[in-house]
Amino acid sequence: MTVCHAVHPYEPCLEETFPRSPRLQPLYPTPTPQHPQHGNCCQHNQTRGKVEGTHGKPRDQRPRLVRILLFLGCWNRVELEGGSEGKGIVPSEDAHQSEYIAETDKRRAFISGFDGSAGCVVVTLTDAALFTDGRYFLQASQQLDSNWTLMKQGLPDVPTWQEYVVKALPSGSRVGIDSTLITVADACTLTDSLSAVGSVLAPIEKNLVDIVWGDEKPAPPKNPVVVHPLKYAGKSHLEKLASLREELARRNAHGVIVSALDEIAWLFNLRGSDVECNPVFFAYAVVTNNKATLYVDDVKLTDEVHKHLGPEVVLKPYRQIFEDLNIINEGLREAKQKLLINPKTSLALQDAAGKVCIHSEKNLHGGGLVHISHRLCIRHDLILLFSSDQENVEEVRSFITDSKAIKNEVELEGMRQSHLRDAVALYHYFAWLEAQLNSGAVLDEVDAANYLAGLRAQQADFIGLSFDTISSTGPNGAIIHYSPHKPTAKTIDPKLIYLCDSGGQYKDGTTDVTRTYHFGEPTAHEKRCFTRVLQGHIAIDAATFPKGTSGYLLDPFARAALWKDGLDFRHGTGHGVGAFLNVHEGPHGIGTRVSFNQTPLQAGMTVTDEPGYYEDGNFGIRIENVLLVKDVQLRNNFGDRGYLGFEHVTLVPIGLNLIDVHLLSREEREWVNTYHAECLSKVGPLLEEGSLALEWLRRETQPIEN
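Residues numbered from 1 in each chain as written. Predicted model: local features only at pLDDT ≥ 70, side-chain atom pairs only at ≥ 80, totals over all residues. Heavy atoms only, no water.

- Per an unreviewed UniProt entry, the protein goes by the name Peptidase M24, structural domain-containing protein and belongs to Jimgerdemannia flammicorona.
- Quoted straight from UniProt, the Cofactor (unreviewed entry) entry for the protein says "Mn(2+)". (UniProt positions renumbered as here; feature names shortened; annotations may be inferred.)

**A look at the packing of helix α15 (residues 409-438) against helix α20 (residues 692-700)**
Then, in step 1: For the pair α15 and α20, the least separation of the axes is 8 Å and the interaxial angle reads 90°. When the interaxial angle is binned, α15 and α20 end up roughly perpendicular. From α15, Tyr-427, His-428, Phe-430, Ala-431, Trp-432, Glu-434 and Ala-435 reach across to α20, where they touch Leu-692, Ala-693, Trp-696, Leu-697 and Arg-699.
Then, in step 2: Residue composition of the contact of α15 with α20, by class: nine nonpolar, one polar and two charged. (Axes fitted to C-alpha atoms, helices over the stretch in contact; angles between N-to-C directions. Helix = DSSP H or I, 4+ residues; strand = E, 2+ residues; numbered from the N terminus. Parallel < 35°, antiparallel > 145°, perpendicular 65-115°, else oblique. Contact = heavy atoms within 4.5 Å. Nonpolar A, V, L, I, M, F, W, Y, C, P; charged D, E, K, R; others polar.)

**Describing the packing of helix α17 (residues 524-541) against helix α18 (residues 551-564)**
Then, in step 1: Relative orientation of the contacting elements α17 and α18 amounts to 155°, with a least axis distance of 8 Å. Considering their axes alone, α17 and α18 lie roughly antiparallel with respect to each other. For α17 against α18, the interelement crossing comes out right-handed. Along the contact surface, α17 presents Arg-532, Val-533, Gln-535, Gly-536, Ala-539 and Ile-540, while α18 presents Leu-554, Phe-557, Ala-558, Ala-561, Leu-562 and Lys-564.
Then, in step 2: Here the contact of α17 with α18 is built from residues that sort into eight nonpolar, two polar and two charged. (Left-handed = near helix turned anticlockwise from the far one by under 90°.)

**Quick notes on the sheet that holds strand β23 (residues 545-546)**
Then, in step 1: Here four strands make up an open sheet; going across it, the order is β23-β30-β29-β26 and the pairing antiparallel. Only two strands of the sheet have a single partner each, and these edge strands are β23 and β26 (606-609).
Then, in step 2: The pairing of β26 with strand β29 (residues 625-632) spans four bridges and is antiparallel. Across the sheet, the residue bridging to Thr-606 is Leu-628, located in β29.
Then, in step 3: Against the sheet, α17 engages β26, β29 and β30 (643-648), with an angle of about 155° to β26. (Pairing = 2+ DSSP bridges.)

Below is the structure:
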């Protein structure tokens with residue numbers, strides 16, 4: 001999945017503590033084409049006219065223009081009146097800066113109609129703009145109505161939403177945002193930019209979209225939390241806490257605030273289901289030199305979780321953290337130590353921890369005191385901007401994320417084993433799909449996706465999907481993060497390219513695989529484009545490089561073959577993958593983002609290899625495997641640096657009939673043959689002799705001629 005990828009019952013103890021929600025981990029009977037199954041982790045039975053929320057109530061279907069007007073009406077009623085024009089910002093993220101969010105946090109989708117995973121809305125009294133990246137240009141253009149302006153980030157002369165906010169407003173404007181939804185880093189950058197033009201960032205306690213959403217807004221989830229056993233985690237939560245405290249001591253810090261949901265799940269060896277397809281739960285944590293506090297609502301905690309955490313972890317209600325940070329803040333001044341926070345932590349948490357507002361002053365309209373957030377106030381004649389040199393809080397890169405990214409041997413083996421089982425489901429799926437289409441069966445993209453979900457559910461240790469399956473035929477494949485819905489899903493046409501990007505959550509690992517097939521006769525142009533993508537995929541997979549090399553530097557390997565034909569793609573080449581955690585994981589990746597150059601690849605990391613090519617209105621092509629970064633021994637070792645390479649754990653055949661063999665070098669042909677032999681030798685024994693899947697595998701792994 002791109003960034004910018006016989007029925008086994010549950011164990012009784014897990015069944016009792018982790019009941020299956022309508023959107024997560026049901027174990028299906030084997031579905032049939034005539035009766036496709038629904039109800040998987042990321043549902044495909046959604047219709048555009050009536051979309052069910054988490055409690056079965058239809059989402060608010062008022063026209064989007066009405067929602068915008070209501071939003072502006074709320075903006076005019078907040079306490080920031082003073083006569084100047086203002087903007088409201090509605091980001092995609094939740095209070096934990098999650099990429100994928102619960103239904104209750106889908107504010108940007110509610111007000112705009114665009115439901116891609118990345119984007120930001122800016123609304124003024126005269127304009128409504130949505131900013132998103134190249135993965136979503138086509139999708140956003142189809143989902144936004146005429147009230148919206150689509151801002152295609154990354155294209156020439158298109159500003160970022162931050163630049164737009166600063167330049168499009170007159171001096172003295174107020175830019176409103178929920179302080180729980182903006183990061184410390186973004187708040188500081190935006191504040192400095194706004195102050196230069198006499199404007200101000202105005203954090204607002206009551207989210208204005210929530211006011212407009214009203215009673216129709218889904219309630220926050222209260223799903224149970226479960227223990228992630230040591231046999232899958234490979235390291236106890238007490239060992240992880242001890243390592244964290246060593247880092248605190250090294251930095252002479254009092255403690256650290258943890259707000260990212262996957263960091264909390266990893267640190268305490270717990271998993272949840274509050275966010276569909278992501279095994280996380282709503283919580284905060286504060287870890288000090290002598291105390292670990294987990295802020296999570298008690299209704300989610302079972303006796304097993306209490307026993308697992310033991311007396312070493314103090315449990316408190318989810319929202320208690322803001323009050324506790326105020327108390328901690330008072331003691332930090334005397335101890336002359338700091339509380340560490342990730343720059344991606346919310347402004348609200350930093351505010352509660354004691355960020356001092358003393359930096360600069362600018363005149364506005366004069367008049368009383370306005371309460372903005374826990375500690376931040378604005379007078380109409382005095383704007384207090386955030387200081388970057390306050391005493392109690394220090395912004396640091398998350399060393400929890402860094403630790404989580406390097407998998408231990410137990411987690412690495414879990415990734416290997418989960419991908420083998422996942423491959424079994426995919427073999428059965430593609431063999432079935434090909435046979436159905438060749439027999440003249442009529443299947444749409446949703447039917448196919450649901451059938452695949454049912455096959456995955458038969459695999460051991462399956463929990464749910466790792467993201468909403470991208471099942472796309474022909475032109476829909478050009479929508480990079482396409483998600484099919486009935487009744488608009490297209491019938492799969494065997495005469496067109498079919499792209500399927502899918503993955504599963506298993507107790508021992510997370511999978512993410514994309515394959516592009518053609519069930520008829522591809523054109524010469526389609527074959528050439530596919531082969532150029534394949535060459536980029538092989539270049540990454542076969543790469544060896546010195547330690548200290550980042551994914552930013554490897555990215556051109558994936559594009560060089562495409563560039564020869566004047567082709568390219570508008571998404572990253574690879575992202576990290578969690579071990580039964582989020583399918584998108586940082587801090588590393590392979591791509592053109594400058595941030596990827598800040599994190600060298602290291603042995604034990606996981607990363608996807610997924611170049612692609614997309615022609616709007618025609619087709620999409622992507623080939624994606626999950627790779628493990630490993631140490632390699634080469635003939636030489638220049639500079640005694642050591643060298644790294646990759647191990648692919650995804651084992652699903654490449655579409656042979658889409659390969660233009662004449663474009664491949666001898667080494668590339670050997671790679672294809674070796675890879676297919678590995679698919680046959682490792683996954684073939686897991687398939688029943690005489691099965692359609694095994695016949696398909698043997699045919700699709702025939703050697704190509706050198």
